[in-house]
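Breakdown of the fold
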Amino acid sequence: MGNPIKNVAVVGGSGNLGRAAVSELVDAGFTVTVLTREGSTATFPARVVSKAVDYTSVGSLTSALEGQDALVSTIATVAIAAQKPLVDAAVAAGVRRIIPSEFGINTRFLGKEPIGTILQGKIQTLNYIHEKSKQNPLFTWTGVSTGLFFDWGLPHGSIGLDKATKTATIYDSGDEPYQASNLPHIGKAIAAILKHPEVTTNRYISIASFNPTQNQVLALAEKLTGEKWTVDHLPSSEQQKIGSEKLSKGDYSAFSNFLKKRVYGDGAGLAVSGPDNALDLLGLEEDDLEKSLREWLAE
Ligand SMILES: NC(=O)c1ccc[n+]([C@@H]2O[C@H](COP(=O)([O-])OP(=O)(O)OC[C@H]3O[C@@H](n4cnc5c(N)ncnc54)[C@H](OP(=O)(O)O)[C@@H]3O)[C@@H](O)[C@H]2O)c1
């Protein structure tokens with residue numbers, strides 16, 4: 001890939017994942033520029049340059065990306081389908097590696113599942129990037145699947161624990177291991193990809209900070225709080241049904257219902273361990289599950 005990557009632009013650097021990515025990129029020694037919407041009130045660390053852009057204008061984006069070696073998009077889910085001008089600008093500005101706003105389930109393996117309807121913005125963006133990289137071999141990409149955001153998901157309910165009421169929601173048996181990642185760990189993975197871009201050129205990788213089962217997470221929460229938690233058992237098939245009903249009415253909040261079936265359902269088979277977990281490839285180690293839970297419980 002030639003010269004090392006030095007200058008990195010981050011889109012959505014004020015967001016949940018973006019803040020962690022910016023911080024880890026700065027710590028890894030990259031020169032970071034954050035692109036932000038015109039009128040955004042976001043603020044950034046002192047060492048980070050921010051540039052206001054118009055995401056509908058290839059010209060505005062191209063001048064903001066001049067001199068950047070890599071572009072990391074952590075843009076909000078609602079804006080994902082509108083990244084085409086950003087990709088065109090990255091190519092025009094000579095950006096050598098793009099990491100698009102994926103960071104969830106592996107969108108390359110969705111088959112005809114209904115959740116794929118909701119993820120079309122990610123799928124089409126990556127298809128477009130793939131086409132552009134075939135036309136411009138110097139423009140390369142890495143896609144990253146992270147599974148559930150674990151540290152972010154604890155207070156947001158997606159991990160199924162409510163610490164205020166000490167209640168856990170467990171889907172099916174609770175024994176299915178699932179792919180999960182902490183935001184700083186994803187930031188470290190992004191930095192590692194850009195330190196050694198050659199190992200992930202035009203590749204979609206999956207990473208996991210750990211692959212716990214719901215029952216393991218519950219047992220740890222009980223151990224750390226020294227109390228038995230109330231457990232609500234729900235069938236994941238019901239979530240699929242609720243999701244389909246919502247989607248038929250155009251309600252994209254169906255995503256969280258589909259996700260529960262897809263991630264937690266018995267037989268899901270989505271854990272990424274051993275050589276499937278690209279942490280090894282990136283020179284990173286797994287995170288400490290118990291520590292992650294302890295930190296959240298102490299907040
Ligand atoms: N795996 C999981 O559990 C999980 C959970 C949540 C999200 N994700 C994924 O992670 C990626 C990043 O999500 P996130 O939650 O970190 O993003 P976010 O915090 O919701 O938004 C990131 C940034 O996007 C920028 N932005 C640009 N256009 C926008 C628009 N039209 N509306 C709102 N913000 C806009 C904003 O920055 P400025 O104000 O500076 O422009 C915002 O701070 C997405 O691909 C998302 O699907 C995964």
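Residues numbered from 1 in each chain as written. Predicted model: local features only at pLDDT ≥ 70, side-chain atom pairs only at ≥ 80, totals over all residues. Heavy atoms only, no water.

1. Section: the site of the ligand
Lining the immediate environment of the ligand, one finds 26 residues, of which Ser14, Asn16, Thr36, Ser40 and Ser101 sit closest. For the ligand, whose unbound accessible area comes to 910 Å², protein coverage reaches 80%. For the shell around the ligand, the secondary structure elements donating two or more residues are α1 (16–27), β2 (31–37) and β7 (148–149). (Near = heavy atom within 4 Å. Areas by Shrake-Rupley, 256 points an atom, 1.4 Å probe, with all protein chains shown as cover. Helix = DSSP H or I, 4+ residues; strand = E, 2+ residues; numbered from the N terminus.)

2. Topic: the domain arrangement of the protein
Split into domains, the protein comes out as domain 1 (7–149 + 181–208 + 271–285) and domain 2 (150–177 + 212–264). Domain 1 puts 18 residues into the contact, and the matching count from domain 2 is 17 residues. Around 1500 Å² of area is buried between domain 1 and domain 2 when both sides are counted, 68% of it from carbon and sulfur atoms. On the domain 1 side of the interface with domain 2, the three residues burying the most area are Ile118, Leu148 and Phe149, jointly 40% of the side's total. (Domains from an automatic or database assignment. Contact = heavy atoms within 4.5 Å. Buried area = accessible area lost by both parts, 1.4 Å probe.)

3. Description of the environment of arginine 37
Looking at where arginine 37 falls in the secondary structure, it is placed in strand β2. If near-sequence neighbours (up to four positions away) are discounted, arginine 37 is found in contact with Val53 and Tyr55.

4. Here we look at helix α7 (residues 183–195)
Helix length check: α7, at 13 residues, gives a terminal C-alpha distance of 18 Å against a target of 18 Å (1.5 Å per residue), a fit within 8%. With respect to burial, α7 is a largely interior element, ten of its 13 residues being buried. Of all the residues in α7, the buried ones are Leu183, His185, Ile186, Gly187, Ala189, Ile190, Ala191, Ala192, Ile193 and Leu194. (Expected span 1.5 Å × (residues − 1). Buried < 20%, exposed > 50% of the residue type's maximum accessible area, 1.4 Å probe, protein only.)

5. Focus on the environment of histidine 233
Looking at the element boundaries, histidine 233 is found in strand β12 (residues 230–234). As a C-alpha pair, histidine 233 and histidine 156 span 77 residues in sequence and 19 Å in three-dimensional space. Not counting chain neighbours up to four residues away, the residues in contact with histidine 233 comprise Ile170 and Asp172.

6. Looking at the side chain of aspartate 69
Here aspartate 69 lies in the loop between α2 (58–65) and β4 (70–73). Polar contacts involving the side chain of aspartate 69 include one to the main-chain amide nitrogen of asparagine 7, which spans 2.8 Å. With sequence-adjacent residues up to four places away left out, aspartate 69 is seen in contact with Pro4, Ile5, Lys6, Asn7, Val95, Arg96 and Arg97. (Polar contact = N/O pair within 3.5 Å; in protein donor to acceptor, adjacent residues only side chain to side chain.)

7. Considerations on the pattern of salt bridges
For the coordinates displayed, the defined rule picks out ten salt bridges. Among the ionic pairs, aspartate 88 bridges to lysine 132, the shortest N-O distance being 4.0 Å. Of this pair, aspartate 88 sits in helix α3 (residues 84–93) while lysine 132 sits in helix α5 (residues 120–135), and the two are 44 residues apart along the sequence. Look at the salt bridges and you will find they share partners, linking Lys223, Glu290 and Arg294 into a network. (Salt bridge = Lys/Arg side-chain N within 4 Å of Asp/Glu carboxyl O.)

8. Here we look at the UniProt feature "domain: NmrA-like" (unreviewed entry) in the protein
Summarizing the sequence annotation, UniProt attributes the feature "domain: NmrA-like" (unreviewed entry) to residues 6–242 in the numbering used throughout. Annotated as 38% helix and 21% strand, the span residues 6–242 places its first and last C-alpha atoms 47 Å apart. (UniProt positions renumbered as here; feature names shortened; annotations may be inferred.)

9. Focus: the nonpolar core
Core analysis: the biggest nonpolar cluster contains 34 residues, and Val8, Leu25, Val32, Ile190, Leu194 and Ile207 have the highest contact counts within it. Every element with two or more residues in this core is listed here: β1 (7–11), α1, β2, β4 and α7. When residues in this core are grouped by element, the largest group, eight residues, is from α7. Ignoring anything within four residues of it in the chain, the contact list for isoleucine 190 reads Ala21, Leu25, Val72, Ile99 and Phe103. Membership of the second largest hydrophobic core comes to 31 residues, among which are Ile105, Leu148, Ala180 and Leu220. (Core = buried A, V, L, I, M, F, W, Y, C linked by side-chain atoms within 4.5 Å.)

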